[in-house]
Amino acid sequence: MKIAVMPGDGIGEEVTQQAVRVLQVVMGPHAAMELAYAPVGQAGVDVAGDPLPLATREIADKADAILFGSAGVPGDEAIEYMMRPGASLLRLRKQLDLFANFRPAVMFQDLIGASTLKPEIVSGLDLMILRELTGDIYFGEPRGTHINARGEREAFNTMRYNESEISRIAHVAFQTARKRRHQVCSVDKANVLDTMQLWRQVMTEVGREYPDVELSHLFVDAAAMQLMRNPKQFDVIVTGNIFGDILSDAAAMLTGSIGMLPSASMSHGKKGLYEPVHGTAPDIAGKDVANPLASILSMAMMLRYSFDLHDKAEQVESAVRHVLAQGLRTADIYQPGTQCVGTRAMGEAVTKALAK
Ligand code: IPM
Ligand code: MG
């Protein structure tokens with residue numbers, strides 16, 4: 001098992017440290033596991049003058065899986081796009097062709113009270129957002145800023161998808177639904193955007209190859225509303241890059257905190273990049289208060305998706321359930337009557353629960 005570890009910036013470092021710690025416990029001392037640490041983001045700039053240094057790219061190429069923390073620093077918008085620490089993640093996604101981003105939103109029963117929604121709306125929630133990750137307005141050309149004919153600054157991006165990009169994510173969606181509750185809801189904006197009309201057509205065409213899976217369509221504004229109104233109607237939501245970015249943060253809050261949400265970004269094979277959905281959270285970085293559970297759960301997704309270690313993944317997930325049942329909480333999911341612990345203590349509690 002060759003694993004590239006890229007803690008990155010902000011809270012990335014401290015949460016990834018806990019995920020690695022739990023990984024070492026669940027795999028045991030004799031596992032054939034090789035961890036290669038590599039700097040990304042500002043950490044990459046500091047070491048090699050590039051947010052995605054060549055050496056880091058080589059480590060990523062050779063690895064079976066990448067455990068990623070988070071990348072970016074406040075104010076990096078001023079830097080040329082591809083050299084921004086925050087863009088290192090986008091470059092890595094593109095370079096490794098990680099087009100399928102799985103963002104499960106699963107309700108942990110002990111955290112029902114931490115959700116801002118009523119318990120009956122979110123109890124038992126288990127949905128999968130499948131976000132296309134290498135196309136759309138994130139990568140579409142042309143893009144840029146210029147001075148227009150009237151002498152004012154103008155900026156533009158291009159929402160762009162071709163047929164094959166849509167059909168490959170469609171196939172992943174239907175195949176994912178086959179292992180779940182056989183429902184796919186495709187989210188677009190076909191009422192306004194040409195790109196999204198093509199999205200809907202291709203989704204419908206590919207859907208005919210999966211008659212056992214029920215396909216529905218929603219416009220993204222309605223989907224946002226339905227996610228808040230009745231999220232349990234969804235099984236797999238498949239959507240483009242930008243809508244998936246937005247809807248997955250919304251879905252995260254259904255479960256109580258974005259600090260709980262893991263993700264896996266896959267290409268065609270088993271190689272994947274695993275990262276918590278939360279970002280760098282610079283305001284709390286280095287203070288030992290960040291929630292390491294999203295990173296720990298991302299590591300569990302790695303065991304399952306890249307290494308087929310389903311039992312070990314389940315052990316990690318049940319250890320997380322165990323510490324929550326014990327009443328341990330980081331600040332983001334704290335509620336009166338529970339015990340507030342820091343990043344390290346939370347990681348340690350998970351390792352102890354595993355050892356049992
Ligand atoms: C995410 C993040 C990234 C994105 C940022 C950090 C570039 O918000 O993974 O959801 O927009 O994809
Ligand atoms: Mg996001």
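Residues numbered from 1 in each chain as written. Chains lettered and ligands numbered in written order. Predicted model: local features only at pLDDT ≥ 70, side-chain atom pairs only at ≥ 80, totals over all residues. Heavy atoms only, no water.

## Re the domain arrangement of the protein chain
Test applied: Domain delimitation follows an automatic or database domain assignment. Here, two residues are considered to be in contact whenever any of their heavy atoms come within 4.5 Å of each other. Counted as salt bridges are all cases of a side-chain nitrogen of Lys or Arg within 4 Å of a carboxyl oxygen of Asp or Glu. Counted as a polar contact is a pair of N or O atoms within 3.5 Å, where, for protein atoms, one must be capable of donating a hydrogen and the other of accepting one, and residues adjacent in sequence contribute only when both atoms are in side chains. By the criteria applied, helices consist of DSSP H or I runs no shorter than four residues and strands consist of E runs no shorter than two, each listed in order from the N terminus.
Taken as a whole, the protein chain is organised into domain 1 (1-99 + 267-356) and domain 2 (112-131 + 161-260). Each partner contributes residues to the interface: domain 1 has 15 residues there, and domain 2 has twelve residues. At the junction of domain 1 and domain 2, the tally comes to one salt bridge. The partner of aspartate 97 in a salt bridge is arginine 168, and the shortest N-O contact between them spans 3.1 Å. For the pair domain 1 and domain 2, the interface holds six residue pairs in polar contact (both at pLDDT 80 or more). Counting residues per element, the side of domain 1 that touches domain 2 draws most heavily on helix 10 (residues 293-305), which supplies four residues.

## Details of the side chain of serine 248
Examined against the element boundaries, serine 248 turns out to sit in helix 9 (residues 241-254). A distance of 2.8 Å separates a polar side-chain atom of serine 248 from the backbone oxygen of glycine 244. Not counting residues up to four positions away in its chain, the partners in contact with serine 248 are Arg103, Ile129 and Leu261.

## Points about the pattern of salt bridges
This is how the line gets drawn: In this scheme, a residue with accessible area under 20% of its type's maximum is buried, one over 50% is exposed, and one in between is partly exposed, where area comes from a 1.4 Å probe on protein chains only.
Counted under the stated rule, the structure contains 18 salt bridges. The partner of glutamate 275 in a salt bridge is arginine 93, and the shortest N-O contact between them spans 3.0 Å. Taken together, the residues span a long stretch of sequence, with glutamate 275 in the loop between strand 12 (272-274) and helix 10 and arginine 93 in helix 4 (residues 87-95) at a distance of 182 residues. The two residues glutamate 275 and arginine 93 agree in class, both being buried.

## Comments concerning the site of ligand 1
Selection rule: Nearness here has a simple test: a residue counts as near a molecule or strand if at least one of its heavy atoms is within 4 Å of that partner. The definitions used throughout rest on a 1 Å grid laid over the protein atoms alone, on which a cavity is an enclosed set of points accommodating a 1.4 Å probe that cannot get out and a pocket is an open set flanked by protein within 12 Å on both sides along at least five of seven lines; lining residues are those having an atom within 4 Å of a point. Those molecules having more than half of their atoms within 2 Å of a cavity or pocket grid point set are described as sitting in that cavity or pocket. Gly is put with the polar residues, along with every residue not named as nonpolar or charged; the nonpolar set is Ala, Val, Leu, Ile, Met, Phe, Trp, Tyr, Cys and Pro, and the charged set is Asp, Glu, Lys and Arg.
The full set of residues close to ligand 1 is Arg93, Arg103, Arg131, Tyr138 and Asp245. Here an oxygen atom of ligand 1 and a side-chain polar atom of arginine 93 are 2.7 Å apart. The separation between an oxygen atom of ligand 1 and a polar side-chain atom of tyrosine 138 is 2.5 Å. Of the pockets mapped on this structure, ligand 1 occupies the second largest pocket. Its residues placed into classes, the shell around ligand 1 shows one nonpolar, no polar and four charged.

## Concerning the nonpolar core
Note that soluble globular proteins tend to have their nonpolar side chains buried in a common cluster. Spelled out, the test is: By nonpolar core we mean a set of buried residues, namely Ala, Val, Leu, Ile, Met, Phe, Trp, Tyr and Cys, connected to one another through side-chain atoms within 4.5 Å.
Of all hydrophobic cores here, the largest spans 84 residues; its most connected members are Phe102, Leu130, Met299, Met302 and Leu303. Here this core gets eight residues from one element, more than from any other, and that element is helix 10. Counting residues domain by domain, this core receives three or more from each of domain 1 (1-99 + 267-356) and domain 2 (112-131 + 161-260). Leave out the neighbours within four places in its chain, and leucine 303 touches Met1, Leu23, Val26, Met27, Asp308, Leu309, Lys312, Ala313 and Val316. Ranked by size, the runner-up nonpolar core spans 15 residues in total, among them Ile66, Phe68, Leu92 and Leu98.

## A look at the packing of aromatic side chains
The cut-off we apply is this: Ring pairs are drawn from Phe, Tyr and Trp, using the six-membered ring of Trp, whenever the two centres fall within 6.5 Å, and their geometry is named by plane angle: stacked under 30 degrees, edge-to-face over 60, tilted for the rest. A ring has a charge above it when a Lys NZ or an Arg CZ is no more than 6 Å from the ring centre and no more than 35 degrees off the ring normal.
Throughout the structure, instances matching the rule amount to three aromatic pairs. Judged by centre distance (5.3 Å) and plane angle (80°), the ring pair of phenylalanine 102 and tyrosine 305 falls under edge-to-face. Taken together, the residues span a long stretch of sequence, with phenylalanine 102 in strand 4 (residues 100-106) and tyrosine 305 in helix 10 at a distance of 203 residues. On the basis of an interplanar angle of 15° and a centroid distance of 5.0 Å, the ring pair of phenylalanine 174 and tyrosine 210 is categorised as stacked. Within this pair, whereas phenylalanine 174 is found in helix 6 (residues 163-178), its partner tyrosine 210 is found in the loop between helix 7 (194-207) and strand 9 (214-219), the two being separated by 36 residues in sequence. For the pair phenylalanine 174 and tyrosine 210, a shared accessibility class is recorded, and that class is buried. Directly above the aromatic system of tyrosine 81 lies the positively charged group of arginine 143, at a separation of 3.9 Å from the ring centroid.

## Here we look at the packing of helix 1 (residues 12-27) against helix 12 (residues 343-355)
Formally: Helix axes are fitted only over the stretch in contact, all axes being lines through C-alpha atoms; the angle between N-to-C directions runs from 0 to 180 degrees. In what follows, roughly perpendicular refers to angles from 65 to 115 degrees, roughly parallel to angles under 35, roughly antiparallel to angles over 145, and oblique to any angle outside these ranges. Each crossing gets its handedness from the near helix: less than a right angle anticlockwise from the far helix is left-handed, clockwise is right-handed.
It is the contact of helix 1 with helix 12, at a shortest axis distance of 9 Å, that shows an interaxial angle of 15°. Put simply, helix 1 runs roughly parallel to helix 12. Where helix 1 crosses over helix 12, the handedness of that crossing is right-handed. On helix 12, the residues touching Glu14, Val15, Gln18, Arg21, Val22, Val25 and Val26 of helix 1 are Thr343, Arg344, Gly347, Glu348, Val350, Thr351 and Leu354.

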